[in-house]
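# Fold and contact review
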Amino acid sequence: MSFTLAIVGRPNVGKSTLFNRLVGRRLALVDDQPGVTRDLREGEARLGDLRFTVIDTAGLEDATDDSLPARMRRLTERAVEMADICLFVIDARTGITPTDEIFADILRRRARHVLLAANKSEGRAGEGGLIEAWSLGLGEPIALSAEHGEGMPDLYAALLPLA
Ligand code: GDP
Ligand code: MG
């Protein structure tokens with residue numbers, strides 16, 4: 001069975017890097033599909049033997065880290081509605097910010113299934129953020145390094161029971 005995974009979180013945590021890693025070259029350009037705007041990128045992801053649709057909440061790049069404009073909230077809520085599973089990404093090097101808390105709140109209220117990922121976890125600089133991520137109350141954080149391709153087996157193991 002196939003499913004749709006939305007990658008959500010504040011700007012600069014590494015959502016698009018993870019999207020690109022999962023999708024590779026299989027990026028679907030969805031500009032002219034009804035209901036999907038340029039702000040949501042959709043692709044066909046491959047992770048081990050799993051095949052699924054992945055949505056990247058792009059179009060947030062110009063939002064600043066310490067504000068959550070209405071557009072960011074709307075875009076996230078739209079991605080959550082389209083998704084069977086939400087992958088909420090935080091930056092393990094920065095730790096949890098007030099903006100992360102706002103995203104967590106949206107997800108708790110709206111998402112069917114939430115998985116939590118602490119990206120930028122390569123090396124030791126991410127250890128504090130990884131531990132802090134437990135405080136969101138969204139379960140065990142998956143340590144990832146989208147840039148270096150680390151943690152993908154753990155992401156696979158978390159997705160498998162939901163697929
Ligand atoms: P987005 O705004 O959430 O889509 O984040 P991007 O994917 O554009 O990445 C933001 C920045 O974080 C870029 O400079 C990436 O190179 C960097 N980045 C992404 N993933 C990782 C990672 O796993 N480790 C580190 N150290 N940097 C990363
Ligand atoms: Mg992005």
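This report concerns the structure included in the present document. From a predicted model like this one, the values you see are computed outputs, not experimental measurements.

Thresholds applied
Residues numbered from 1 in each chain as written. Chains lettered and ligands numbered in written order. Predicted model: local features only at pLDDT ≥ 70, side-chain atom pairs only at ≥ 80, totals over all residues. Heavy atoms only, no water. Helix = DSSP H or I, 4+ residues; strand = E, 2+ residues; numbered from the N terminus. Buried < 20%, exposed > 50% of the residue type's maximum accessible area, 1.4 Å probe, protein only. Contact = heavy atoms within 4.5 Å. Areas by Shrake-Rupley, 256 points an atom, 1.4 Å probe, with all protein chains shown as cover. Near = heavy atom within 4 Å. Polar contact = N/O pair within 3.5 Å; in protein donor to acceptor, adjacent residues only side chain to side chain. Nonpolar A, V, L, I, M, F, W, Y, C, P; charged D, E, K, R; others polar. Core = buried A, V, L, I, M, F, W, Y, C linked by side-chain atoms within 4.5 Å.

### With respect to the overall build of the protein
Of the regular secondary structure elements, the protein holds 5 helices and 7 strands. Mapped from its N terminus to its C terminus, the protein presents α and β elements in the order β-α-β-β-β-α-β-α-β-α-β-α. Counting every position in the protein, which comprises 163 residues, the buried fraction comes to 50%. Intrachain contacts of the protein at a sequence separation of at least 6 include 69% that bridge at least 24 residues. Total accessible area on the protein stands at roughly 8000 Å², and carbon and sulfur atoms take up 49% of it.

### Quick notes on the site of ligand 1
What surrounds ligand 1 is a group of 14 residues, the closest being Asn12, Lys15, Thr17, Glu122 and Glu147. Within the contact set of ligand 1, an oxygen atom lies 2.5 Å away from a side-chain nitrogen or oxygen of Glu147. Taken together, the residues that form the shell around ligand 1 break down as 3 nonpolar, 6 polar and 5 charged.

### Concerning the nonpolar core
One finds Leu18, Leu22, Phe52, Val54, Leu155 and Leu159 to be the most contacted residues of the largest nonpolar core, which totals 25 residues. Sorting the residues of this core by element identifies β1 (4-8), α1 (15-23), β3 (40-47), β4 (50-57), β5 (85-91), β6 (113-119) and α5 (152-159) as the ones contributing at least two each. Those residues within four positions of Phe52 in sequence are excluded, and the remaining contacts are Ser2, Phe3, Leu5, Leu22, Gly43, Glu44, Ala45, Leu47 and Leu159. If you look at the next biggest cluster of nonpolar residues, it comprises 23 residues, including Met72, Leu107, Leu116 and Leu138.

### Describing the environment of Gly139
When you line up the elements, Gly139 lands in the loop between α4 (127-132) and β7 (142-143). A residue is classified by how much of its surface remains accessible, and Gly139, at 35% relative accessible area, is partly exposed. Remark: the alpha-carbon pair of Gly139 and Val114, spanning 25 residues in sequence, is separated by 8.8 Å. With sequence-adjacent residues up to four places away left out, Gly139 is seen in contact with Leu116 and Trp134.

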